[in-house]
Amino acid sequence: MRVAVALVLCMLLGALPPAMAQHAELTDEEWPGEPIDNHIHLTWATLTLEVNEWVDDHPDIVDLTSAGTSELGKSLWVVRLSDWSMETKPNGSAKEIVYIDGGHHGNEYLGTALAWLTAKWYINGWAEGNEEAVNVLQNTELHILIMLNPDGNDIDTRWNINQVDLNRNYDHYWNTCPTTQPGSSAFSESETASNSEYMNAFVTDADLYVTMHTGVWIMLYPWGKWPEQPPDWELFHFIRDDVHDTVSDIPIQNANQGLYPNCGTSRDYGYGVMGFPTFTFETDDEQFVPGTFESLNERLGEEMDVMRYLINDVWYWRARLDVQSLTVEDDRVELDVINNGQASTANATLQFVDGAGTVLWNSTLFGVNASNTTVVEFDMGNINTNDGTWQLMYQKRVINASTWVTEPVNSSVVVVIPEDENQFLFGYGLFHPVSTLLGLIGVAAWRRPDEESGQ
Ligand SMILES: [Zn+2]
């Protein structure tokens, strides 16, 4: 096989002296692979050399690990990019996490190429002091598994070495759609098992997962299994509209309708089981122009712009509740909360905790729509709110699998109206004409945001 490949390579190079001249001048921005047939081919061996060079050259931002091995024992390299001198963001909060993989299908080079280019864009940008790249790497961890199917990639085939379609082998409604070669069971293949183990071990908090392919020019969000919109449709529709307004006209659709019904994909697993906002990025509807070398930055420039947008704005791809005011009066508590994120949350609770962190009181469940304000009122019963703190517990997104977060309510927005004052109002002021009037205005003003948020 290797002899045959080398022969094809020689024939191609021999027939194309201008391309060979370009080959000698390949820069970092170009594909590091070699021309085979009509493709530009990055072998696993070349990738292995290159990712190790990245670590040697940029140990401050590149951390290299392996998610496991392919069926034939090749390392599944994960390039982890961030400013590793800082454990947190400059402001002390946790960094956002982005997960990317490429090369499920061994003959879809441009998908693998976009994963490679994404890593390279931030590495080069950091080295050049590019403000956007520096900002991203100070605030984000990028975990990029560039080539998930090295065995299939080496022999230029969609399948892995066991003739399994890896992107039908995940444990989410596995083998429940008309499909070919999904494997003997979910995660029967070491490539998919390794990928899911990595997701569950290192990026459970990811707020973006992009899995890269090629074939048609489209971005697909969940579901592949069902034609219905996913629970977090607001988030996906916002991203679709914002990409179209500001970055690219690339079609962005529900996978089932945009492509065809497909089950056991990494996309549906990433969303349905891990709770990530997930896209399948189909980079192109054609391969490289035969026998030519092209700058990947030019060939995948628009796709890279979309990736930069998704990564730059990753902070918004979840619910972000921010309490505007919390007023305790008698045995009632009124919460005014804004959602700064582009994802809704459905099962939030307000909690009162004592100094030891024990939850003394839980509100009933409430929801806050994406980029919306909600006012809710709860009955607290006889809880003494003098000694303790408030916190919100909620899910980052609507999908059941999404991560729960617990965030303290800033004490500066908490107002406790003393009981004496209550009694004074109740005893002397309630039936006074002026306070009755003020009370009615208050009720009207209080109801309005509630009604708005229901739209
Ligand atoms: Zn594919």
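Residues numbered from 1 in each chain as written. Predicted model: local features only at pLDDT ≥ 70, side-chain atom pairs only at ≥ 80, totals over all residues. Heavy atoms only, no water.

Engineer: I tried to follow a nonpolar patch on the surface on my own but got confused; where do I start?
Structural biologist: Together, L72, I155 and I161 line one region of the surface with nonpolar side chains, adding up to about 240 Å² of accessible area. Within the secondary structure, I161 sits in the loop between α6 (150-154) and α7 (190-202). (Patch = residues over 30% accessible without salt bridge, like charges linked within 9 Å, V, L, I, M, F, W, Y side chains within 5 Å. Areas by Shrake-Rupley, 256 points an atom, 1.4 Å probe, with all protein chains shown as cover. Salt bridge = Lys/Arg side-chain N within 4 Å of Asp/Glu carboxyl O. Helix = DSSP H or I, 4+ residues; strand = E, 2+ residues; numbered from the N terminus.)

Engineer: Just checking my understanding: could you explain the coordination of the zinc ion for this structure?
Structural biologist: Perfect tetrahedral coordination of a metal by four donors corresponds to 109.5 degrees between them, and perfect octahedral coordination by six donors corresponds to 90 or 180 degrees. Protein coordination at the zinc ion: the donors are H105 (ND1), E108 (OE), E108 (OE) and H213 (ND1), at 2.0 to 2.4 Å from the metal. Around the zinc ion sit four donor atoms; with metal-centred angles ranging over 57 to 155 degrees, the donor geometry is irregular. If you list the donors of the zinc ion from N- to C-terminus, the spacing comes out as H-x2-E-x104-H. In this pair, H105 is assigned in the loop between β5 (96-102) and α4 (109-128) and H213 in strand β7 (residues 208-213), connecting sequence segments 108 residues apart. Of the residues examined, H105 reaches a relative accessible area of 3% and is grouped as buried. On the accessibility criterion, H213 (2% relative accessible area) is buried. (Donors = N, O, S within 2.8 Å, 3.2 Å for Na, K, Ca; no water. Tetrahedral: all angles 85-135°; square planar, octahedral: opposite > 155°, others 65-115°. Buried < 20%, exposed > 50% of the residue type's maximum accessible area, 1.4 Å probe, protein only.)

Engineer: What am I meant to see in the sheet that holds strand β12 (residues 332-339) here?
Structural biologist: In any sheet, the strands associate via hydrogen bonds between backbone groups, in a parallel or an antiparallel arrangement. An order of β16-β12-β11-β19 is seen for the four strands of this open sheet, with the pairing classed as mixed. In this open sheet, the two strands that pair with only one neighbour each are β16 (373-379) and β19 (414-417). Sheet twist, expressed as the average angle between the axes of neighbouring strands with direction ignored, equals 15 degrees. As paired elements, strand β11 (residues 321-329) and β12 share eight bridges and run antiparallel to each other. Paired with V328 across the bridge in β12 is V333. (Pairing = 2+ DSSP bridges. Axes fitted to C-alpha atoms, helices over the stretch in contact; angles between N-to-C directions.)

Engineer: Looking at this structure, how should I read the nonpolar core?
Structural biologist: One broad trend across soluble globular proteins is that nonpolar side chains are buried collectively. One finds L81, Y122, M307 and L310 to be the most contacted residues of the largest nonpolar core, which totals 60 residues. The leading source of residues in this core is α4, at 11 residues. Excluding its chain neighbours within four sequence positions, the residues that come into contact with L310 are L208, V210, M219, I239, F279 and W317. (Core = buried A, V, L, I, M, F, W, Y, C linked by side-chain atoms within 4.5 Å. Contact = heavy atoms within 4.5 Å.)

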